[in-house]
Amino acid sequence: MKFFIDSANLDEIRQAAEMGLLDGVTTNPSLAAKESAPYEEILTEICNVVEGPVSAEVISTDAPGMLKEADRLIKIAENIVIKIPTIPEGLKAISTLSGNGIMTNATLVFQPLQALMVAKAGATFVSPFVGRLDDIGTDGMDLINQIVTIYSNYGLETEVLVASVRHPMHVVQAAMLGADVVTMPFKVISTLMKHPLTDSGLEKFIADFKNAGKG
Ligand code: E4P
């Protein structure tokens, strides 16, 4: 399973990249709004740090506008992925971009038929938002299960990118279901290796060794 960071913050992205496990980055307009630099500058910097796919989201809601934005964004670097909202106009833009060999990420996916449609349109990635589904009292992971099953039934190649991840159990469940990618905020990435029994166990090993006069 690939690990992406869901962030537009360069410090976080650098720290995650230093862990040596970072396969890509997803950004969105809300994440970009938290940073002071212009979006295209941030994306350029991110692409200097990360070799894998870097999702850059359009804000137009009509296909011609999305394609115009995509034209500018793809010039930033070869690893830019155009992130498009999963609406009817977005479907048209995904078809055109994928027909031209440009990577796309269909975002804001909340039900399985949206995922089927964007895969048929040739999206590189589909982004189901599990946390936001959990927030309204449904189980976001049910959607991942449905999409993974549908894609496998028809041999669809779009990668399932689990988004809106809020805690490490989302990552465990995504891995159990065979999702291709999980994009996580930095605070989730930093919990992935943690267990209190690892910390207390290590402390005891060192203390026992020292108390026996061997250290
Ligand atoms: C996905 O690509 C989005 O950027 C992101 O995961 C949304 O997460 P949120 O629901 O925590 O805002």
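Attention here is on the structure that accompanies the text. Throughout, a residue's number is its position along its own chain's written sequence, starting from 1. Predicted model: local features are reported for residues with pLDDT of at least 70 only, side-chain atom pairs are reported and counted for 80 or more only, and whole-chain, interface and lining totals are derived from all residues. To get the side-chain values, take all heavy atoms of the structure and skip hydrogens and water.

1. Overview of the sheet that holds strand β1 (residues 2-6)
Applied cut-off: If DSSP finds at least two bridges between two strands, the strands pair. Numbered from the N terminus, helices here are DSSP runs of H or I no shorter than four residues, and strands are runs of E no shorter than two. Only the stretch in contact is used when a helix axis is fitted, and all axes are lines through C-alpha atoms; the angle between N-to-C directions ranges over 0 to 180 degrees. Whether two residues are in contact is decided by their heavy atoms: any pair within 4.5 Å suffices.
The sheet built from eight strands closes into a barrel, its strands ordered β1-β2-β3-β4-β5-β6-β7-β8 with parallel pairing. Direction aside, neighbouring strands of the sheet carry axes that sit 30° apart on average. Sheet topology places β1 next to strand β8 (residues 181-184); four bridges connect them, and they run parallel. Bridge pairing in β8 places K2 opposite V181. Across the sheet, helix α6 (residues 112-120) touches β5 (104-109) and β6 (125-128), and the angle it forms with β5 is around 165°.

2. Brief notes about the site of the ligand
Put simply, the test is: For this purpose, a residue is taken to be near a molecule or strand whenever a single non-hydrogen atom of the residue falls within 4 Å of it. What qualifies as a polar contact is a pair of N or O atoms within 3.5 Å, subject to a donor-acceptor requirement within protein and to the restriction that residues adjacent in sequence count only when both atoms come from side chains. With residues, only the protein chains shown are counted as cover, and all accessible areas are computed by Shrake-Rupley using a 1.4 Å probe. Cavity: a set of points on a 1 Å grid over the protein atoms alone where a 1.4 Å probe fits but cannot get out. Pocket: an open set with protein on both sides within 12 Å along at least five of seven lines, its lining residues, like those of a cavity, having an atom within 4 Å of a point. More than half of a molecule's atoms within 2 Å of the grid points is what it takes for that molecule to sit in a cavity or pocket. By the convention adopted, Pro, Cys, Tyr, Trp, Phe, Met, Ile, Leu, Val and Ala count as nonpolar, Lys, Arg, Asp and Glu as charged, and the other residues, Gly among them, as polar.
As a structural note, the neighbourhood of the ligand is formed by D6, T26, N28, K83, F129, R132, A163, S164 and R166. Within the side chain of R132, a nitrogen or oxygen atom sits 2.7 Å from an oxygen atom of the ligand. Between an oxygen atom of the ligand and a side-chain N or O atom of R166, the distance comes to 2.9 Å. Expressed as a share of its isolated accessible area of 340 Å², the protein-covered part of the ligand is 85%. More than half of the atoms of the ligand fall within 2 Å of the grid points belonging to the largest pocket. Counted by class, the shell around the ligand contains two nonpolar, three polar and four charged residues.

3. With respect to the layout of surface pockets
The condition is simple: Grid points are joined across faces, edges and corners, and a volume is the space filled by probe spheres set on the points.
As a volume, the largest pocket reaches approximately 430 Å³. Lining the largest pocket are 24 residues; nearest its centre among them are D6, N28, L31, K34 and P185.

4. Structural notes on the side chain of T183
Looking at where T183 falls in the secondary structure, it is placed in strand β8. Reaching out from T183, the side chain makes a polar contact with the backbone nitrogen of D6 at a distance of 3.3 Å. Of the polar contacts made by the side chain of T183, one reaches the side chain of T26; its length is 2.6 Å. Beyond its immediate stretch of four places on either side in the chain, T183 contacts F4, I5, D6, T26, L161, V162, A163 and V165.

5. A word on the pattern of salt bridges
Our working rule: For this document, the term salt bridge refers to a Lys or Arg side-chain nitrogen within 4 Å of an Asp or Glu carboxyl oxygen. Only protein chains enter the accessibility calculation, which uses a 1.4 Å probe; a residue whose area is less than 20% of its type maximum is buried, one above 50% is exposed, and one in between is partly exposed.
Enumeration over the complete set of coordinates arrives at seven salt bridges. With its nearest N and O atoms 2.9 Å apart, the salt bridge here joins E40 to R72. Here R72 lies in helix α4 (residues 63-73) and E40 lies in helix α3 (residues 39-49), a separation of 32 residues in the sequence. Assessed through its relative accessible area of 30%, E40 is described here as partly exposed.

6. Some remarks on the packing of helix α1 (residues 10-18) against α3
Put simply, the test is: Between 65 and 115 degrees an angle is taken as roughly perpendicular, under 35 as roughly parallel, over 145 as roughly antiparallel, and anywhere else as oblique.
It is the contact of α1 with α3, at a shortest axis distance of 10 Å, that shows an interaxial angle of 10°. As far as their axial angle goes, α3 and α1 are roughly parallel. Contact with α1, carried on its side by L10, I13, R14 and A17, involves E45, I46 and V49 of α3 and no other residues of that element.

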